[in-house]
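# Notes for the structure review
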Amino acid sequence: QVQIVESGGGLVQPGGSLRLSCAASGSIFSISTMAWYRQAPGKQREMVADITSGGSTSYADSVKGRFTISRDNAKNTVFLQMNSLKPEDTAVYYCYVHALSKGSAVWRDYWGQGTQVTVSS
């Protein structure tokens, strides 16, 4: 099995910064895409940023130029650096990992439990 643990959320003032971390552990053979999603109250979950194993990235238009996704393949970890935060960035942020477990032939999607990010003065 694969476990996903996020950290780094919290309360920050508009214009501030936060860095989210997500570590995948367990019986992992390989990881392809890692990503961050978010879900605000009353809204659907949306992709914020993703990164392939080769380092290619993509971002939601709403966060381009403010957020940066990165990963450490050796540690099965993905990060989200969030700068110039706005109140509309307030949401629960979820880590997503597409991984192949040891002994399995099926790639699966794994999700973290979510971490709350609140941007407010």
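Further up the page is the structure itself.
We now turn to the structure provided with this report.

What counts and what doesn't
Here the residue index of a chain counts from 1 through its sequence in written order. Predicted model: local features are reported for residues with pLDDT of at least 70 only, side-chain atom pairs are reported and counted for 80 or more only, and whole-chain, interface and lining totals are derived from all residues. Note that water and hydrogens are dropped before the side-chain values are worked out from all heavy atoms of the structure. Whenever Lys or Arg places a side-chain nitrogen within 4 Å of a carboxyl oxygen from Asp or Glu, that contact is recorded as a salt bridge. Helix and strand definitions here come from DSSP, where helices need a minimum of 4 consecutive H or I residues and strands a minimum of 2 consecutive E residues; each element is numbered from the N-terminal end. We call a residue buried when its accessible area falls under 20% of the maximum for its residue type, exposed when it is over 50%, and partly exposed in between, using a 1.4 Å probe and counting protein chains only. Aromatic pairing here means that ring centres of Phe, Tyr or Trp (its six-membered ring) are within 6.5 Å. Orientation follows from the plane angle: under 30 degrees is stacked, over 60 is edge-to-face, and everything else is tilted. In this scheme, Lys NZ or Arg CZ marks a charge over a ring once it lies within 6 Å of the ring centre and within 35 degrees of the ring normal. Put simply, a disulfide is two cysteine sulfurs that come within 2.5 Å.

## Topic: the pattern of salt bridges
- Scanning the entire structure with this criterion turns up four salt bridges.
- Between R66 and D89 there is a salt bridge, with its nearest N and O atoms 2.7 Å apart. Of this pair, R66 sits in the loop between β6 (57-59) and β7 (67-72) while D89 sits in the loop between β8 (77-82) and β9 (91-101), placing them 23 residues apart in sequence.
- With relative accessibility at 10%, the residue R66 sits in the buried group.
- We classify D89 as buried; its relative accessible area is 1%.
- Residues joined by salt bridges that share partners form a network here, namely R38, E46, R66 and D89.

## A closer look at the packing of aromatic side chains
- Per the stated rule, a full pass over the model turns up three aromatic pairs.
- Counting every residue linked through ring pairs, the aromatic cluster contains Y37, Y96 and W111.
- For the cation-ring pair, R45 lies above Y94, with the distance from its terminal atom to the ring centre recorded as 3.8 Å.

## What about the state of the cysteines?
- Scanning the entire structure with this criterion turns up one disulfide.
- Put simply, C22 and C95 are joined by a disulfide, and their sulfur atoms are 2.0 Å apart. Taking the sign of the S-S torsion, about -80° here, the bridge from C22 to C95 comes out left-handed. Of this pair, C22 sits in strand β3 (residues 18-26) while C95 sits in strand β9, and the two are 73 residues apart along the sequence. Like C22, the residue C95 is buried in the burial classification.

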